Amino acid sequence: MPLPVTPPAETPPTNPRLDAVPAYKQGRSAPAGASKLSSNESPHPPLPSVVSAVADRLGSLHRYPQMAAPEIIGRLAERYRVDPALVTVGAGSVELASQLIHAVAGEGDEVVFAWRSFEAYPSLVRIAGATPVMVPLDAEHRHDLDAMLAAITDRTRLVFVCNPNNPTGTVVGPEELERFVAAVPRDVLVVIDEAYVHFDGSAYFADAPGATDPERGAGLELFRRHPHVAVLHTFSKAYGLAGLRIGYAIAPSAIAAAQRKVAVPFGVTDLAQAAAVASLDAQDELAVRIAEVTAERDRLHDVLVDAGWPAVRSEANFVWVPAGERSAELDGLLHDGGVVARTFPGEGVRISAGSAQDVDRVAAALAASTDPAHPTAAVREEATA
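What you see is a predicted model, and the numbers here were worked out from it, not measured in a lab. (Residues numbered from 1 in each chain as written. Predicted model: local features only at pLDDT ≥ 70, side-chain atom pairs only at ≥ 80, totals over all residues. Heavy atoms only, no water.)

Explain a nonpolar patch on the surface to me, please; I cannot follow it from the model alone.
Taken together, the side chains of Tyr64, Met67 and Phe266 present a nonpolar region at the surface, about 390 Å² in accessible area. One can find Met67 in the loop between helix H1 (48-56) and helix H2 (70-80). (Patch = residues over 30% accessible without salt bridge, like charges linked within 9 Å, V, L, I, M, F, W, Y side chains within 5 Å. Areas by Shrake-Rupley, 256 points an atom, 1.4 Å probe, with all protein chains shown as cover. Salt bridge = Lys/Arg side-chain N within 4 Å of Asp/Glu carboxyl O. Helix = DSSP H or I, 4+ residues; strand = E, 2+ residues; numbered from the N terminus.)

Right under this line is the structure:
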């Protein structure tokens, strides 16, 4: 019989850098029958053609995926008319953001971004050993580009512009983004994170190579004109592949080469690559789904405003409610009505745009709160007095 192993009195120390890094918290799961509107997922199931493409690869799960992802990278390079060497893939845009940070920044360097923005940015920067510089949004919940420019120092190596911004759904316009990029020093990489670009009304699928929107600065057009711009896209949101984890970056050649060095080997599965290729072949079907999501997003905004909540007009697939100290109240109302949203305590609530049924459920939850018998009615009346 083997002798029992006595654990050591002290375990090896962890990296002290992680003391300042909170664990990333996934959007809350929803109980059966509830609306899960906490993670900005597509409300639609996978397209049949995508399911078929994934099923065709199940027999080769014992093999490693193609690390260079030649098929999907080739398709993306053709779509955007760029050299394949400038395209990299990763397990969603968040992993690509991590690659870019590690590619250009390290101990003693700084990374500038708006706040609040994508909540993974601060953690990814700290894990790389760099310092996050968080610049508050302006009064309209938009990037304050002048303040971001003022925050750039000789230690800045990278600037993120999340456009549309998560969680506010606001966008940076073409002229202001052009001026900003032109003003950023050429030795600072500007990463335009367009994870939600497909929802901003730009008819993105209709004219992919030059898709623009009069309200939003197009990252790919800036990439073509400036040597220090990289762009992030994902298949998780509009394409509905959140469970397979694949995104891509288009970046200057030296940056893309550095990304490949820091990427996790075999980080994008063969199933994800096949699903992404099949999704590119289903643009018309996806465009119909996106139109449905954006219509429900706009209805969700109006439902919130009509109920007295300060919702922000969104160009993404969610709506931000900067409820401040009333955020917990709104979260409670939604929870009581069978809706799970993403709450940032003391700041606001982000509600994903789901199906028509989901938005109906939000409307019913808010309507129920006006009933004097509702348990939060007295709190609501006191807060708005």
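Next comes the rest of the description.
Looking at this structure, how should I read the sheet that holds strand E9 (residues 318-321)?
In sheet architecture, strand pairing relies on hydrogen bonds along the backbone and comes in two forms, parallel and antiparallel. Pairing in this open sheet of three strands is antiparallel, and the strands run E9-E12-E11 from one edge to the other. Of all the strands in the sheet, the pair left with one neighbour each is E9 and strand E11 (342-344). On average, adjacent strands in this sheet sit at an angle of 15° to one another, irrespective of strand direction. Contacts from helix H10 (residues 283-306) reach E9 and strand E12 (348-352), with the element oriented near 25° to E9. Across the sheet, helix H11 (residues 327-336) is in contact with E9, E11 and E12; its angle to E12 comes to roughly 35°. (Pairing = 2+ DSSP bridges. Axes fitted to C-alpha atoms, helices over the stretch in contact; angles between N-to-C directions. Contact = heavy atoms within 4.5 Å.)

Just checking my understanding: could you explain the packing of aromatic side chains for this structure?
Ring pairs (aromatic) are described by centroid distance and by the angle formed between their planes. By the definition in use, this model includes ten aromatic pairs. Through pairs of rings, three or more aromatic residues link up here, namely Phe113, Trp115, Phe118, Tyr121 and Phe160. Sitting over the face of the ring of Trp309, Arg326 holds its NZ or CZ atom 4.1 Å from the ring centroid. (Phe/Tyr/Trp six-rings, centres within 6.5 Å; stacked < 30°, edge-to-face > 60°. Lys NZ or Arg CZ within 6 Å of the ring centre and 35° of its normal.)

Would you explain the pattern of salt bridges in this entry?
Pairing between side chains of opposite charge can happen when the charged atoms of each approach one another. Going through the model one piece at a time under the given rule, you end up with 18 salt bridges. A salt bridge links Asp281 to Arg75; the shortest N-O distance between them is 2.7 Å. Taken together, the positions of Asp281 in the loop between helix H9 (270-280) and H10 and Arg75 in helix H2 put the pair 206 residues apart, joining distant regions of the chain. Residue class for Arg75 comes out partly exposed when judged on its relative accessible area of 25%. Arg313 is paired through a salt bridge with Asp302; the nearest N and O atoms lie 3.4 Å apart. With Arg313 in the loop between H10 and E9 and Asp302 in helix H10, this residue pair connects regions lying eleven residues apart in the sequence. Overall, Arg313 belongs to the partly exposed group, its relative accessible area being 46%. Look at the salt bridges and you will find they share partners, linking Arg57, Glu71 and Asp270 into a network. (Buried < 20%, exposed > 50% of the residue type's maximum accessible area, 1.4 Å probe, protein only.)

Help me understand the sheet that holds strand E6 (residues 189-193), please; the structure alone is not making it clear to me.
Taken in spatial order, the seven strands line up as E2-E8-E7-E6-E5-E3-E4 in an open sheet, and their pairing is mixed. Here the strands that pair on one side only, and so sit at the sheet edges, are strand E2 (87-90) and strand E4 (131-136). When strand polarity is set aside, the average angle formed by the axes of neighbouring strands in this sheet is 25°. Examined bridge by bridge, E2 and strand E8 (residues 247-250) share four bridges and lie antiparallel to one another. What sits directly across from Val89, in E8, is Tyr248. On top of the sheet, helix H8 (residues 253-262) reaches E2, E6 and E8; it is set at about 30° to E2, its chief contact.

Can you help me understand the side chain of Thr88 in this one?
Mapped onto the secondary structure, Thr88 falls in strand E2. Exposure remark for Thr88: the relative accessible area of 3% places this residue in the buried category. Among the polar contacts listed, one links the side chain of Thr88 to the side chain of Gln259, at a separation of 3.0 Å. Not counting chain neighbours up to four residues away, the residues in contact with Thr88 comprise Ile73, Leu96, Gln99, Gly247, Tyr248, Ala249, Ala256, Gln259 and Arg260. (Polar contact = N/O pair within 3.5 Å; in protein donor to acceptor, adjacent residues only side chain to side chain.)

Would you take a moment to explain the packing of helix H3 (residues 93-104) against helix H4 (residues 120-127) for this structure?
When two helices pack together, you describe them by how their axes are tilted relative to each other and by the distance separating the axes. Relative orientation of the contacting elements H3 and H4 amounts to 40°, with a least axis distance of 9 Å. Seen along the crossing, H3 lies across H4 with a hand that is right-handed. Residues Val94, Ala97, Ser98, Ile101 and His102 of H3 touch H4, and the partners they reach there are Ala120, Leu124, Val125 and Ile127. Taken together, the residues of the contact of H3 with H4 sort by class into seven nonpolar, two polar and no charged. (Left-handed = near helix turned anticlockwise from the far one by under 90°. Nonpolar A, V, L, I, M, F, W, Y, C, P; charged D, E, K, R; others polar.)

How do you make sense of the nonpolar core when you look at a structure like this?
Nonpolar side chains in soluble globular proteins tend to end up buried together. In terms of nonpolar packing, the biggest core is built from 53 residues, with Ile72, Met148, Phe180 and Phe235 touching the most fellow members. Tallying contributions element by element places H9 first for this core, with seven residues. By size, the runner-up hydrophobic cluster in this structure holds 24 residues, among which are Leu96, Ile101, Phe113 and Ala130. (Core = buried A, V, L, I, M, F, W, Y, C linked by side-chain atoms within 4.5 Å.)

Looking at this model, I keep getting lost on unusual backbone geometry. Mind explaining?
Note: most peptide bonds trans; most residues except glycine with negative phi. For the bond running from Trp115 to Arg116, omega is 15°, close enough to zero to count as cis. As for its placement among the helices and strands, Arg116 is situated in the loop between strand E3 (110-115) and H4. For the bond from Asn163 to Pro164, the omega torsion is 0°, close enough to zero to count as cis. With respect to the helices and strands, the residue Pro164 is situated in the loop between strand E5 (156-162) and helix H6 (174-183). One non-glycine residue, Asn40, lies in positive phi territory at about 55°. If you trace the backbone, Asn40 turns up in the loop between strand E1 (35-36) and H1. The buried category is assigned to Asn40, whose relative accessible area is 1%.

Got a minute to help me understand H1 in this structure?
The α-helix winds at 3.6 residues per turn, so residues separated by three or four positions along the chain end up facing the same way. For H1, every residue scored as buried is listed here: Val50, Ala53 and Val54. Here the buried residues of H1 occupy an arc of 95° about the axis, which is enough to place them on one side. Opposite the packed face of H1, turned more than 90 degrees from it, sit the exposed residues Pro48 and Asp56. Considering only its buried residues, H1 is in contact with H9. (Arc of directions from axis to C-beta.)

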